[in-house]
Amino acid sequence: SAPGGQTWTMPVCLKANDGQSRCEVMDQQQQARSVPTCENIFANADSLGYYLTEYTPDAVRALANNAAGLLPIERVSLLGDEWWMVQAGRHDIGVYLDLAAALADDETTAVTAAITTRLAFVGAYLVERDQQAHYQAWIRGRFGPALDALGLPGTVRDTDERHSRRAELLDL
C-alpha cells in the first residue's frame, strides 16, 4: 500500500520449479494466489518486476540449491534482493553467505561479480579483525575450486566470460 492508504496495482510474475511462469495483476492490499506447487517459487520471473522479493531463509536456500532452473538475470536479482534483506536487518548475513556459496560455481560473470563485490564488502566492513583468517579460509574453501576449474593463468583461447570470471574470483 502507498502512503495515505492508496493501493497500487502491479504485475507479479511467478516462476515455478518446472520453469513455467505465470503473471498476474495484484490490485488489492492483500491478495492470495494459488500456485501449482509451493516448492521453489521465484517471485520475479525474468526479473522484470520493479520490486524486491523477500523469501524465508529456507526458501532462499531452496532456490539456491535449485539455481540451475533460474536464468542468470534471475540469479543476479535473487542475490541483490537477499543483500537488501541483509542490509535492512530482515535477514542474517549467513543467509546471504549460504546463497553466495551455493552459486560459487556459477558460470555467469554477472553472477560472480554480484557475489564478489558484496563478499569484499563483508570482509572489509563486517568481519572483525580476529575473524579475518577464518573468513578468508571460508572464501578459499567455497570459491577456490571455481577458480581452480577456470585455471591459472588461463589461455588466449579462453572466452572473455572465463577471463572476466577469473578476474572477479581473483579479487576475492
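Residues numbered from 1 in each chain as written. Predicted model: local features only at pLDDT ≥ 70, side-chain atom pairs only at ≥ 80, totals over all residues. Heavy atoms only, no water.

A short note on the packing of aromatic side chains
Link 1 in the chain: Under the defined criterion, the tally for this structure stands at 6 aromatic pairs.
Link 2 in the chain: Ring centres 5.1 Å apart and planes at 65° place the aromatic pair Trp83 and Tyr96 in the edge-to-face group. Remark: Tyr96 occurs in helix H3 (residues 93-102) and Trp83 occurs in helix H2 (residues 72-87); sequence separation between them is 13 residues.
Link 3 in the chain: We classify Trp83 as buried; its relative accessible area is 8%.
Link 4 in the chain: Given the relative accessible area of 0%, Tyr96 is considered buried.
Link 5 in the chain: Of the aromatic side chains, those joined through ring pairs into one cluster are Trp83, Tyr96, Phe121 and Tyr125. (Phe/Tyr/Trp six-rings, centres within 6.5 Å; stacked < 30°, edge-to-face > 60°. Helix = DSSP H or I, 4+ residues; strand = E, 2+ residues; numbered from the N terminus. Buried < 20%, exposed > 50% of the residue type's maximum accessible area, 1.4 Å probe, protein only.)

Some points on the nonpolar core
Link 1 in the chain: Formed by 33 residues in total, the largest nonpolar core has its most connected members in Leu79, Tyr96, Ile115, Leu119 and Phe143.
Link 2 in the chain: Broken down by secondary-structure element, the contributors of at least two residues to this core are helix H1 (57-65), H2, H3, helix H4 (109-126) and helix H5 (132-150).
Link 3 in the chain: Look past the residues within four positions of Ile115 in its chain and what remains in contact with it is Leu79, Tyr96, Ala100, Leu103 and Phe143. (Core = buried A, V, L, I, M, F, W, Y, C linked by side-chain atoms within 4.5 Å. Contact = heavy atoms within 4.5 Å.)

Observations regarding H1
Link 1 in the chain: Taken together, the buried positions of H1 are Val60, Leu63 and Ala64. All buried residues of H1 project into a common sector of 100° when viewed along the axis, lining one side. In this structure, H1 carries Asp58 and Asn65 as exposed residues pointing more than 90 degrees from its buried face.
Link 2 in the chain: Residues of H1 that are buried make contact with H2 and H3. (Arc of directions from axis to C-beta.)

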